[in-house]
Amino acid sequence: MEDQTQQDQASPEVQKRIQDSFDRQGLMAHLGARISRIAPGRVQIMLPARPEVTQQHGYFHAGATSAIADSAGGYAAYTLFPESAEVLTVEYKINLLAPATGDYIEAVGTVLKSGRTLTVCQLEVFGVQKDGARKLVANGQQTLIRVNRPEQ
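The text that follows walks through the structure, step by step, so that each part is easy to find. Only a predicted model underlies this, so the values are computations on that prediction, with no experimental measurement involved. (Residues numbered from 1 in each chain as written. Predicted model: local features only at pLDDT ≥ 70, side-chain atom pairs only at ≥ 80, totals over all residues. Heavy atoms only, no water.)

## Some words on the side chain of Ser 21
Position of Ser 21 relative to the elements: it lies in helix H1 (residues 12–23). For Ser 21, a relative accessible area of 11% puts it in the buried group. Within the structure, the side chain of Ser 21 is placed 2.8 Å from the side chain of Tyr 75, a separation counted as a polar contact. Those residues within four positions of Ser 21 in sequence are excluded, and the remaining contacts are Tyr 75 and Tyr 78. (Helix = DSSP H or I, 4+ residues; strand = E, 2+ residues; numbered from the N terminus. Buried < 20%, exposed > 50% of the residue type's maximum accessible area, 1.4 Å probe, protein only. Polar contact = N/O pair within 3.5 Å; in protein donor to acceptor, adjacent residues only side chain to side chain. Contact = heavy atoms within 4.5 Å.)

Set out below in structure tokens:
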């Protein structure tokens, strides 16, 4: 993982809002995924290798790869939204470039353009080995919509 400096970290308030939302996601908990970095317009999520997240050849399953990529992009967008807003995925496309192997995979969501309503993110997923070697295994693009948080 990359070192974080003070200026590339989201504020403590934004980090808490992102982590609290992530902690409410049943799928991420079920998969065993966790956030590894929260910065303005950029979120990284890692998923450790376990038999439960693989397909029949032992590679990380495309569904698990795609799920953490989707969440990384969504939360990257969410870091730039006001507290009164929520985020929903409108669409995403992902290309699986190589079999996803490693001690864990790490999805990186990066905001390319944040608008009043729609936000576009780049999605990347890397297979990471114990020695730190990283290989790009998936790449995609995502469109998200900002919606007002329902009144409670």
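Here the narrative resumes.
## Considering the side chain of Arg 37
Along the chain, Arg 37 turns up in strand S1 (residues 34–39). There is a polar contact of 2.8 Å between the side chain of Arg 37 and the side chain of Asp 8.

## Brief notes about the sheet that holds strand S2 (residues 42–48)
Spatial ordering of the open sheet is given by S1-S2-S4-S5-S6-S3, a layout of six strands whose pairing is antiparallel. At either end of the open sheet lies a strand with only one pairing partner, and these are S1 and strand S3 (85–96). Pairwise comparison of adjacent strand axes, ignoring direction, gives a mean angle of 20 degrees for this sheet. Two strands pair when backbone bridges link them, and strand S4 (residues 104–114) and strand S5 (residues 118–128) are joined in this way by ten bridges, in the antiparallel orientation. (Pairing = 2+ DSSP bridges. Axes fitted to C-alpha atoms, helices over the stretch in contact; angles between N-to-C directions.)

## Some details on the pairing of strand S6 (residues 134–148)
Looking at chain direction, S3 and S6 are connected through eleven bridges and run antiparallel. Following the sheet pairing, Glu 86 is matched in S6 by Val 147. Where S5 lies against S6, eleven bridges are found, and the strand directions are antiparallel. By the bridge assignment, Leu 118 is partnered in S6 with Ile 145.

## Examining the packing of aromatic side chains
Per the counting criterion, the structure on display carries three aromatic pairs. Judged by centre distance (6.2 Å) and plane angle (55 degrees), the ring pair of Tyr 75 and Tyr 78 falls under tilted. Here Tyr 75 and its partner Tyr 78 are both found in helix H3 (residues 62–78), three residues apart, which amounts to about one turn of the helix. The same class applies to Tyr 75 and to Tyr 78, which are both buried. Aromatic side chains Tyr 78 and Phe 81 sit 6.5 Å apart centroid to centroid with 90 degrees between the ring planes, which places their arrangement in the edge-to-face category. Like Tyr 78, the residue Phe 81 is buried in the burial classification. Three or more aromatic residues joined by ring pairs make a cluster, and in this case those are Phe 22, Tyr 75, Tyr 78 and Phe 81. Note that Arg 134 overlies the ring of Phe 126, its terminal NZ or CZ placed 4.5 Å from the centroid. The ring of Phe 81 has Arg 146 lying over it, and the distance from NZ or CZ to the ring centre is 5.1 Å. (Phe/Tyr/Trp six-rings, centres within 6.5 Å; stacked < 30°, edge-to-face > 60°. Lys NZ or Arg CZ within 6 Å of the ring centre and 35° of its normal.)

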